[in-house]
Amino acid sequence: MTMKMQNNGFKKSKEIVFPVRYDLKVIMTAKEDPNENIKAIEPILSELKIDHKDWSHKPSGKGTYTSFSVNVLIKDQHTLTKLYEKLGLIPGVKMAL
């Protein structure tokens, strides 16, 4: 399955060919223990049956936010859409890329 990305004026349009593996990045309000934020994301990945591996995290310069990266395998457009919808519902999520 392919999905055509719209041209945003900066880059030429691209097609996403599913299944696709990429590094998902989630920026969240920092917590004392970064594993608390990972524990908020992992149930969504499991619920949507998204294969994931290789977690990493990095605090922002001032320590206000932490960016989390995880390699995911997305099987179709529906799963991709649901993933971003559900990530947006997690308290403390500022952005998901």
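Keep in mind that what you see is a predicted model, and the values were worked out from it rather than measured. (Residues numbered from 1 in each chain as written. Predicted model: local features only at pLDDT ≥ 70, side-chain atom pairs only at ≥ 80, totals over all residues. Heavy atoms only, no water.)

### So, helix α1 (residues 34-47)
Listing the buried residues of α1 in full gives N37, I38, I41, I44 and L45. In this fold, the buried residues of α1 make contact with β3 (20-29), β4 (51-59), β5 (65-74) and α2 (77-87). N-capping of α1 is provided by D33, with a side-chain oxygen placed 3.0 Å from the backbone N of N35. Downstream of α1 by a residue or two, K49 has a phi angle that is positive, lying close to 55 degrees. (Buried < 20%, exposed > 50% of the residue type's maximum accessible area, 1.4 Å probe, protein only. Helix = DSSP H or I, 4+ residues; strand = E, 2+ residues; numbered from the N terminus. Contact = heavy atoms within 4.5 Å. Polar contact = N/O pair within 3.5 Å; in protein donor to acceptor, adjacent residues only side chain to side chain.)

### Let's talk about α2
Of all the positions in α2, only T79, L80, L83 and L87 are classed as buried. Relative to the axis of α2, the buried residues are bounded by an arc of 100 degrees and lie together on one face. Those residues of α2 that are buried lie in contact with β3, α1, β5 and β6 (93-96). In this structure D76 caps α2, since a side-chain oxygen of it lies 3.3 Å from the backbone nitrogen of H78. (Arc of directions from axis to C-beta.)

### Thoughts on the pairing of β3
Sheet analysis places β3 next to β5, joined by 10 bridges and oriented antiparallel. Bridging across to β5, M28 finds its partner in T66. By the bridge criterion, three bridges tie β3 to β6 in an arrangement that is antiparallel. In the sheet register, I27 faces β6, and the bridge partner there is M95. (Pairing = 2+ DSSP bridges.)

The values are spatial; any link to function lies outside them.
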